[in-house]
Amino acid sequence: MLRYALGRLTSLGLGLLAASVVIFTMLEVVPGDPASFMLGLNAQPDTVEALRSQLGLDAPAPQRYVTWMLGLFQGEFGTSYTYRVPVSELIYQRLWVSLPLALYALTLSTLIALPAGVWAASRRNSPADFSVMGFTQLGIAVPNFWFAMLLVLLFSITLRWFSAGGFPGWDQGVLKGLKALTLPAVALALPQASILTRVLRSALLDAMGEDYIRTARAKGLSSRQALWKHALRNAMIPVLTILGMQFSFLIAGAVIIENVFYLPGLGRLVFQGITQRDLIVVKSVSILLVLAVITVTFLVDLAYAWVDPRLRRR
Amino acid sequence: MKGLLKLMTASALLTLVWGGAHAAKRDITLGMQLEPPNLDPTGGAAAAIDEVVYANVMEGLTRFDANGGVQPALAESWEISGDGLNYTFKLRTGVKFHDGTPFDAEDVKFSLDRARAADSTNAQKALFAGISEVSVVNPGTVRVTLSKPNGGFLFNMAWGDAVIVAPESAANNATNPVGTGPFVFKQWVKGDRVEIERNASYWGAPVKLDRVTFKFISDPTAAFASMMAEDVDAFSVFPAPENLPQFEMDPRFQVIVGSTEGETILSTNNSRAPFSNLKVRQAIAHAIDRQAIIDGAMFGFGTPIGSHFAPHNPAYVDLTGRYAHDPAKAKQLLADAGYPNGFKASLKLPPPSYARRGGEIIAAQLRQVGIDLEISNVEWAQWIDQVFKRKDYDLTIVSHTEPMDIGIYARDEYYFQYVNPEFKSVMAELDAESDPGQRTALMQKAQRIISDDAVNGFLFQLAKTGVANAKIRGLWKNAPTQANDMTGVYWVD
C-alpha cells in the first residue's frame, strides 16, 4: 500500500513540474504586453517602460521562471499586475466562493444520483427505470448555462425568491451566502447528477451479472440484498472516478456559471486575468488548479485501493 | 428538499416585508460591465477606474460637468497671465483628504510633479507635458508655468488622470483611494463590488445618497436579469442595446440615451498600399453606409459623423455629406486609383460589439465595391500590441473615447500613420490660441482637413445607453468623460 501511494505521489510531483513549464512557456508566447494594456492608447513609450520595470517584466524569461518557482515553494505567488495586491490574497478570497460552490453542487448531485442510480438499477426495465433514464438524458442534454438562465427567469425575475446573482460575502451570514450559491449549485449539479446516475446504474447492472452475485443469490440472498451487499461496493470504482473528475471540473470549469450569476469565483478571476493580461494571476491560478486536479486524482487513486483490496497488495 | 422549500418560503416573506419599506431610499446599486483593475486614476488607463472614483472620491483642480463644460473644483478660481503661460490657482480652504490630512498647495505641486516625472506611470502623461514648473505661492495659492501657451490646459486638468492626491496616501490609492471627494471609499470585494459612503465632512454641497455600491456584471444576460430582478438600480451604460426596448416598455424603468466622446471609426493604415492612395480612402468613404451600420450593429443608437469630432460639441461641423453613400462612385474612384477589380485587405476587430457586429456589416458594404476584407477577431491586449504599437494592420474598428482627441491626427507615429504638415500647423495654432471664437474656427478647419483626406472611415458617435429605476434622478445623460458622477443623484417617491 505504501509503495502504491509513493508511486502515485512521485507521478504527482512530476506532473506538477511539467505543468509549471508548460504554463510558463505558454504565457510567454501569448501576444500582448501587460504594461501597454494597462496604460491604454495615449500612453507614452517611456511611461510603458517605467511600468514594465516596476512590474519586473524587464528581466529575462528563465530568471522570471526561477523567481516564480522559488516563490511558489514558499507559498508566495507574487503581486497581481492589475489589482496590485498579493495573488495569494486574491486566490484565497475567490476560493471561499469556488470551493463551497463546488462542494454544494457535488453534495446535491451525489444526493440525487445515489438513490436514483440504485433505484433505476434495482428496477431495471420498469417504468421507474425508464423515467430516471429519460430525466438524466435531458439533464445531460440541457447546457447548464441555459438551465441557469431558466432558473434565474423563474426564481429571480418572476418569483423574486432569489437574487439574480452576486455574492454578499460570508461575513453577511452563512445562510445568506448559501442562499446566493443555491441557484448556481443547482445549475451545476443537474448535469453532474445525470451523468453520475447513469454511470452508477450501468456499473450496478454490470456487477449484477457477475459470478459472485449468482453465488450470493444461490446462497439465499434476495436480488435487492445482493445489490446492496455486494454489487454496490464493486460498482463504486467508476463512480469514484467520475466524482473525482467532476470535483476538478466544478472548481475550474464553473467559469460560465460564475459569469451567469456574476459570482466572484476562481473561474472568473482567471477569465478576467487572461483578458486583462494579468499573467501572474493566470499563471498562479492555473498551477493551483493543476495541483487541485492532481491531488483529487491522487485521493481517488487511494480511494480505489480502499474499495478494491487487489490494488492494495501491489 | 423540505429545507430548501422552507428557505424559499422564508425568503419570499422577507422580500414582501422589505418591499413595503421602499420609500425614501438613500442608497443605490449601480451596475458596471467591467471591474476596475485598481482604483488609482493616476496610474492606469482603464475607464472603469474613473467610473468609480471620478468626482465621487477623487477631485482635481477643475472638473467636467454633465455637459462637458469645465467647472472649478479644488481650485476656486484662477488667473491667466497675458502671455498665457502662467496659471495662478486660488485653492479652496478647509478641505481635508479622507484620511484627515489637510489639502493645500503642496498637494497640488506633489500631484502635478508626480504625474510628469520621468518614472511616472500616468496613462495620460501628455496632459502634463507642457508644464515647466509648479510653484507654491502660499498654502492657498499655486502657480503653474507652461513652456508654451495651451488653450486646453484647464480642460486637461479636469481629466481623471489629473486628480489631486496626497503624498501620505498616493502610493496606496490603487487599493485604498484617498481623495477629497463627497464620498469615502469603504470596501472593495474583488470580483463583486466596490462600496463608497457619504463623506460627512465634505467641503462642498452635501450629496443626497448615503451609500453607492458599484456592482460588476460582465455578462449582458446577467446584467438584464439583475435589472429585471431589481438587484441593481441602474446601469449607466447597459451592455446590450437589444434589450433597451423591453426596458422602455416596463414602467419600472427609464431608458436614458445620450452621447459619449467615443468617435467610432474604421481606422486605416495610411502608410500601407493601397490605403496610402487618397482615391482608395475616398472610395472606402463612399462605400460606407453609416446608418446601416448604426441600425445593424447598435440597434439604432448612435449619431453618424463625418470627421473625428463629437456632434454635441459647439464647434462641431456636420461633414457626413462630404462623402455620401455612393457605391457607384466608390467603384469609379477605385478604378481611377488603378484597382478596377478591387483588392484584398485585412480587418482586425477588437472585442466590443460595435466592432464585431459593425465589422461584418462594413465587410459586406466594401465587398459590393470590390474590396474583399478578411476579418480576424483579436483580444484587446493583442489589438494594442499588433495594431496600436506595431502598426501591423490594414483596417480596424475602434471607438476613440477620450474627449477632444482630434490632436492625435497631428502625431506622425500614431497608428493611423497619417502625416500632414498643414494639419499639424492648425493644431499648433489651436494650442497657442485662447480666444474662443478663433479656437472654434481652428477646430472646424481641423475637422475639414481630416474629412477631406478621408484619413479613416468616420462611422458614428457611440451612444450612451443607460437604464435606471424610474424613481432615480440626476444621472448623467451624456458622458463628457467616462464617469459615474453620483454627486447629484437622488431617489424620488
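Residues numbered from 1 in each chain as written. Chains lettered and ligands numbered in written order. Predicted model: local features only at pLDDT ≥ 70, side-chain atom pairs only at ≥ 80, totals over all residues.

(A) Inspection of helix H9 (residues 211-218) of chain A at higher detail. Burial runs low along H9 of chain A: only zero of the eight residues are buried. Gly220 of chain A sits one or two positions beyond H9 of chain A and adopts a positive phi of about 110°. (Buried ≥ 20, exposed ≤ 12 C-beta atoms within 10 Å, placed from the backbone. Helix = DSSP H or I, 4+ residues; strand = E, 2+ residues; numbered from the N terminus.)

(B) Examining the packing of helix H5 (residues 87-122) of chain A against helix H6 (residues 127-141) of chain A more closely. Residues and elements named next belong to chain A. Direction vectors running N to C along H5 and H6 enclose 135°, while the axes themselves pass 8 Å from each other. Of the possible angle classes, the one that applies to H5 and H6 is oblique. Considering how the two elements wind past one another, H5 and H6 form a crossing that is left-handed. Residues Ala116, Trp119 and Ala120 of H5 form the contact with H6, whose participating residues are Ala128, Asp129, Val132 and Met133. Looking at the contact of H5 with H6 residue by residue, the class counts come to six nonpolar, no polar and one charged. (Axes fitted to C-alpha atoms, helices over the stretch in contact; angles between N-to-C directions. Parallel < 35°, antiparallel > 145°, perpendicular 65-115°, else oblique. Left-handed = near helix turned anticlockwise from the far one by under 90°. Contact = placed C-beta atoms within 7 Å. Nonpolar A, V, L, I, M, F, W, Y, C, P; charged D, E, K, R; others polar.)

(C) Local environment of the interface of chain B and chain A. With 45 residues of chain B in contact, the opposing surface of chain A contributes 47 residues. Broken down by secondary-structure element, the contributors of at least two residues to the side of chain B that touches chain A are helix H1 (2-20), strand E10 (211-216), helix H5 (220-228) and helix H11 (380-389) of chain B. Counting residues per element, the side of chain B that touches chain A draws most heavily on H11 of chain B, which supplies eight residues. Residues belonging to the side of chain B that touches chain A are distributed by class as follows: 19 nonpolar, 15 polar and 11 charged.

(D) Here's a closer look at the environment of Ala75 of chain B. Residues and elements named next belong to chain B. Counting through the fold element by element, Ala75 comes out in strand E4 (residues 75-80). With 23 C-beta atoms counted inside 10 Å, the residue Ala75 sits in the buried group. Sequence separation between Ala75 and Ser376 is 301 residues; the distance between their C-alpha atoms is 48 Å. Other than its neighbours up to four places away in sequence, Ala75 contacts Leu61, Thr62, Phe89, Lys90 and Leu91.

(E) Highlighting the pairing of E10 of chain B. All names here are of chain B. In this sheet, E10 lies alongside strand E1 (residues 27-32) in parallel orientation, the contact comprising six bridges. Within the sheet, the bridge partner assigned to Ile28 lies in E10 and is Val212. The pairing of strand E9 (residues 193-198) with E10 spans five bridges and is antiparallel. By the bridge assignment for E10, Glu195 is matched with Thr213. (Pairing = 2+ DSSP bridges.)

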